[in-house]
Amino acid sequence: MKRIVLDSARFHDRKEAHRYLKEQFHFPVYYGENLDALHDCLGEIAEPVEVLVPECIVEDTYLGDYGAVLLQIFLDTAGENPNLKVLVG
């Protein structure tokens with residue numbers, strides 16, 4: 001199983017966060033860099049992957065409310081896609 005550990009330092013800005021996620025997950029060129037596109041692309045993961053998402057992204061010094069929604073998308077999509085396992089830490 002592939003393991004991706006996300007770097008919390010890359011989650012201070014929405015735009016950079018999406019660029020970073022695109023890079024880490026090798027999302028397609030057409031990735032829309034928004035929450036809907038994130039859900040769609042995570043749902044299309046076809047091989048087992050475990051992702052460690054930093055819990056701090058929900059703090060105000062990071063992405064705040066946007067980070068909370070982003071984290072929830074990871075968790076929800078993991079419930080829908082058996083190839084995606086999400087750990088929060």
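Residues numbered from 1 in each chain as written. Predicted model: local features only at pLDDT ≥ 70, side-chain atom pairs only at ≥ 80, totals over all residues. Heavy atoms only, no water.

(A) Structural context of unusual backbone geometry. Residues other than glycine seldom take positive phi values, yet His-26 does so here, at roughly 55°. Along the chain, His-26 falls in the loop between helix H1 (14–25) and helix H2 (35–43). Residue His-26 is classed as exposed on the basis of its relative accessible area, which comes to 61%. Of note in this structure, Glu-33 is not a glycine but carries a positive phi near 50°. Note that Glu-33 resides in the loop between H1 and H2. (Helix = DSSP H or I, 4+ residues; strand = E, 2+ residues; numbered from the N terminus. Buried < 20%, exposed > 50% of the residue type's maximum accessible area, 1.4 Å probe, protein only.)

(B) Representation of the side chain of Glu-50 in the model. If you trace the backbone, Glu-50 turns up in strand E2 (residues 49–53). In terms of polar contacts, Glu-50 uses its side chain to reach the side chain of Arg-3, at 2.7 Å. In this structure, Glu-50 is in contact with Met-1, Lys-2, Arg-3, Ile-4, Lys-85 and Leu-87, ignoring residues within four places of it in sequence. (Polar contact = N/O pair within 3.5 Å; in protein donor to acceptor, adjacent residues only side chain to side chain. Contact = heavy atoms within 4.5 Å.)

(C) How the structure looks around the packing of aromatic side chains. Following the criterion strictly, the structure yields four aromatic pairs and no others. Judged by centre distance (5.8 Å) and plane angle (85°), the ring pair of Phe-11 and Tyr-20 falls under edge-to-face. Across the pair, Tyr-20 and Phe-11 agree in class, each one buried. Three or more aromatic residues joined by ring pairs make a cluster, and in this case those are Phe-25, Phe-27, Tyr-31 and Phe-74. (Phe/Tyr/Trp six-rings, centres within 6.5 Å; stacked < 30°, edge-to-face > 60°.)

(D) Fine view of the pairing of strand E3 (residues 84–88). Sheet analysis places E2 next to E3, joined by five bridges and oriented parallel. Its bridge partner being in E3, Glu-50 is matched across the sheet by Lys-85. Read from E2 through helix H3 (residues 64–80) to E3, the crossover connection turns out right-handed. (Pairing = 2+ DSSP bridges. Right-handed = clockwise from strand over helix to strand, strands pointing away.)

(E) Fine view of the sheet that holds E2. Pairing is parallel in the open sheet, where three strands are placed in the order E1-E2-E3. With one partner strand each, in any of the chains shown, strand E1 (2–5) and E3 form the two edges of the open sheet. When the angles between neighbouring strand axes are averaged without regard to direction, this sheet yields 20°. Pairing of E1 with E2 involves four bridges; the strand directions are parallel. Residue pairing for E2: Arg-3 is matched across the bridge by Glu-50. Relative to E3, H3 is tilted by about 140°, and along the sheet it contacts E2 and E3. (Axes fitted to C-alpha atoms, helices over the stretch in contact; angles between N-to-C directions.)

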